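Each chain, letter by letter, is given below.
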Amino acid sequence: MMPPSRSLGFNADLTLNDGLLAGSIARRERISIDAANARVEAAVSSFLHQLSRSGCLSIGELGELSVAADSGALEFSPNASSLPVSLPSLGLYPVQ
């Protein structure tokens, strides 16, 4: 048995907008889907501009996106101190 855990993943190949983020923003902000999509598009445009200008983008406490010098691919580096921790299972170990 394994204690509960969480992991943070990043898929640089995921480029399809499935509308889930815009839907969440629309519900939380009580705005239309079109307005939420416009916010998402503006944020993505800003992120891409910063990445092209400086080569890296801080994502708050989660970590940093950067552009690989050799391939130009996006890379995500999580901050070790901000990885999600499940407090109720802190200190629990797998059971054989």
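The coordinates are above.
We now turn to the structure provided with this report. (Residues numbered from 1 in each chain as written. Predicted model: local features only at pLDDT ≥ 70, side-chain atom pairs only at ≥ 80, totals over all residues. Heavy atoms only, no water.)

Looking only at helices and strands, the protein has 2 helices and 3 strands in total. If you list the helices and strands of the protein from N to C, you get α-α-β-β-β. Evaluated residue by residue, the protein yields a buried proportion of 16% over its 96 residues. Counting only contacts in the protein whose residues sit at least 6 apart along the sequence, the fraction spanning at least 24 positions is 21%. In the structure as shown, the protein presents an accessible area of about 7,700 Å², 56% of it carried by carbon and sulfur atoms. (Helix = DSSP H or I, 4+ residues; strand = E, 2+ residues; numbered from the N terminus. Buried < 20%, exposed > 50% of the residue type's maximum accessible area, 1.4 Å probe, protein only. Contact = heavy atoms within 4.5 Å. Areas by Shrake-Rupley, 256 points an atom, 1.4 Å probe, with all protein chains shown as cover.)

Moving on to the packing of helix 1 (residues 20-29) against helix 2 (residues 33-54). Interhelical geometry of helix 1 versus helix 2 gives an angle of 120° and a closest axis separation of 8 Å. Judged by the inter-axis angle, helix 1 sits oblique to helix 2. Helix 2 is crossed by helix 1, and the crossing has right-handed handedness. Counted together, Leu21, Ala22, Gly23, Ile25, Ala26 and Glu29 of helix 1 and Ile33, Ala36, Asn37, Arg39 and Val40 of helix 2 form the full contact between these two elements. Partitioning the contact of helix 1 with helix 2 into residue classes produces 7 nonpolar, 2 polar and 2 charged. (Axes fitted to C-alpha atoms, helices over the stretch in contact; angles between N-to-C directions. Parallel < 35°, antiparallel > 145°, perpendicular 65-115°, else oblique. Left-handed = near helix turned anticlockwise from the far one by under 90°. Nonpolar A, V, L, I, M, F, W, Y, C, P; charged D, E, K, R; others polar.)

This part takes up the packing of aromatic side chains. Counting across every chain of the model gives 1 aromatic pair. Centroid distance Phe10 to Phe76: 6.0 Å. Interplanar angle 35°. Geometry classified as tilted. On the criterion of sequence distance, the pair formed by Phe10 in the segment before helix 1 and Phe76 in strand 3 (residues 74-78) is long-range, its members being 66 residues apart. The exposure class of Phe10 is partly exposed, given its relative accessible area of 39%. (Phe/Tyr/Trp six-rings, centres within 6.5 Å; stacked < 30°, edge-to-face > 60°.)

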